[in-house]
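Inside the fold
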Amino acid sequence: MTLDSVRVSSGSPAVMDVQSATGPTIVVPRAGAALVSVVAVDEDGEVLDASTSGAGCAVPALGEERVLVVPDAYASIQEAIDAAAYGDTVFVQPGEYHEHLRLRSGVRLVGAGAAATVLDGKGLGENLIDYTGAQNAVVRGFTLRNVGRAEGCAQDDVLACSGNWYAAAVYADGHTLPSNDCDRPSLLLTQSVIEGNKIGVMLYHHALAVVWNNVFLHNTHAFVANHLQDHAVVAQNVFYGNSAHALAAGAAELDVLNNVLVANGVALEQEYVQRGRVRCNVLFDNDSTGNVIVPGEDGNLVADPLLAGLLAGDFHPAAGSPALTAGCLGEDEVESVAAGAHGGPLGAW
């Protein structure tokens, strides 16, 4: 059986089924619309195509689907992004890069793997990857590290100031866009390591994201949804050793599913009402679970996930790990999907 479709909703259990031949489909309803992400994968789990948008939004036709290679054909990553058309892939060969990038709609930014392709912020308080104004962008196969604190906000509280007062490894601002959902910035972030940043991911004011199969490692704040209905699916990730927060949110619509959260400050803190689903996460040795997750309810459990090799940076669950059976994306008589960064159809990295 090939597991092709993931459907997440507030009114029914999250299920993985075999309805679609195009790959995993993530649907998260909200008032009057939905976040829809379609990801096509091959039999080895390689991402072939992806789009993320509000429900009912037209997806432009793909162009030539060229592959623009850095640094062979383009001296810089941004130069290749600027030359790319909708549906093109910018492939970044192994190495360490020190650029600060602005993504464009429909462009897939793909590294040679998180262990091989590194984007390093050198401690500056400047966004590494900004997808403001870009729809259906993809970032896959990078280590994103070493973004420092931006100047301006007097407080260290990541929800105290507006999102544009901060800097993050991945950032988007939907604040100045029209109210049309189809114009909101949207991204699939997958198969990447977000490491050693003041803030790993920051969504501000109506930004959309699917954050799927990543490792958030030793950031201060790993994932932040800052102000006003940021809409995200945060699923199948490992959050390890993030000193202040694994996840922090203001008035955001988050679905937090099948993650493994170990040795963080606060697992999940939300200032206002939580309108998304928080299910089937494995928590262990965090300073606090926060004010949203209730261990023992909705499939959330406290247990050592027995990750295979933390000292070596291996976040696969070892034999006997409760993460192997804790995931809830395999309900309705379909084989369960392991929680954490290496479960599910995008977990082969």
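Scroll up a little and you will see the structure.
Residues numbered from 1 in each chain as written. Predicted model: local features only at pLDDT ≥ 70, side-chain atom pairs only at ≥ 80, totals over all residues. Heavy atoms only, no water.

Notes on the overall build of the protein
Stated precisely, the cut-off is as follows: Strands here are runs of E lasting at least two residues and helices are runs of H or I lasting at least four, both read from the DSSP assignment and numbered beginning at the N terminus. Only protein chains enter the accessibility calculation, which uses a 1.4 Å probe. A residue is then buried if its area is under 20% of the maximum for its type, exposed if over 50%, and partly exposed in between. Two residues qualify as a contact provided that any one of their heavy atoms is within 4.5 Å of a heavy atom in the partner residue.
Secondary structure summary: the protein contains two helices and 33 strands in total. Residue burial in the protein is summarised as follows: out of 349 residues, 59% are buried. Considering only contacts within the protein whose residues lie at least 6 apart along the sequence, 46% involve residues at least 24 apart.

Some points on the sheet that holds strand β21 (residues 221-226)
Strands pair in a sheet through their backbones, by hydrogen bonds, and they do so in one of two ways: parallel or antiparallel. Under the convention used in this document: Note on pairing: two strands pair once DSSP finds at least 2 bridges between them.
Pairing is parallel across the open sheet formed by eight strands, whose spatial order is β9-β12-β15-β18-β21-β24-β27-β30. Lying at the two open borders of the sheet, with one neighbouring strand each, are β9 (101-102) and β30 (288-290). Two strands pair when backbone bridges link them, and strand β24 (residues 245-249) and strand β27 (residues 266-270) are joined in this way by four bridges, in the parallel orientation. Bridging from a neighbouring strand, alanine 249 pairs with glutamine 270 of β27.

A word on the sheet that holds strand β20 (residues 215-217)
With parallel pairing, nine strands are arranged side by side in an open sheet as β8-β11-β14-β17-β20-β23-β26-β29-β31. In this open sheet, the two edge strands, each paired with only one partner strand, are β8 (95-97) and β31 (301-302).

Focus on the pattern of salt bridges
Operational definition: A side-chain nitrogen of Lys or Arg and a carboxyl oxygen of Asp or Glu constitute a salt bridge if their distance falls within 4 Å.
Enumeration over the complete set of coordinates arrives at six salt bridges. For the salt bridge of aspartate 120 with arginine 145, the shortest nitrogen-to-oxygen distance reads 2.6 Å. Here aspartate 120, found in strand β11 (residues 117-120), pairs with arginine 145, found in strand β14 (residues 143-145); they are 25 residues apart in sequence, far enough to count as distant. Given a relative accessible area of 25%, arginine 145 falls into the partly exposed group. Each of Glu96, Asp120 and Arg145 takes part in salt bridges that share partners, so that together they form one network.

Topic: the environment of valine 201
Here valine 201 is to be found in strand β18 (residues 199-204). Exposure remark for valine 201: the relative accessible area of 2% places this residue in the buried category. Considering only alpha carbons, one finds valine 201 and alanine 225, 24 residues apart in sequence, at a separation of 8.2 Å. Apart from the residues within four sequence positions on either side, valine 201 is in contact with Ala168, Val170, Leu189, Phe216, Ala222, Phe223 and Val224.

Remarks on the pairing of strand β13 (residues 137-140)
Side-chain alternation along β13 places Ala137 and Val139 on one buried face and Val138 and Arg140 on a second face that is also buried. Relative to β13, strand β10 (residues 108-111) runs parallel, the two being bridged by three bridges. Of the residues in β13, the one forming a bridge with valine 110 is arginine 140. Bridge count between β13 and strand β16 (residues 187-190): four bridges; the pairing is parallel. Within the sheet, the bridge partner assigned to valine 139 lies in β16 and is leucine 189.

What about the packing of aromatic side chains?
Within a pair of aromatic rings, the relevant descriptors are the distance that separates the centres and the angle that separates the planes. For clarity, the cut-off: Aromatic contacts are taken between Phe, Tyr and Trp rings whose centres are within 6.5 Å, Trp giving its six-membered ring; a plane angle under 30 degrees counts as stacked, one over 60 as edge-to-face, and the others as tilted.
One pass over the structure, following the stated rule, counts two aromatic pairs. Judged by centre distance (4.7 Å) and plane angle (10°), the ring pair of phenylalanine 216 and phenylalanine 239 falls under stacked. With phenylalanine 216 in strand β20 and phenylalanine 239 in strand β23 (residues 238-240), the pair connects residues that are 23 residues apart, well separated along the chain. Judged by its relative accessible area of 0%, phenylalanine 239 is buried.

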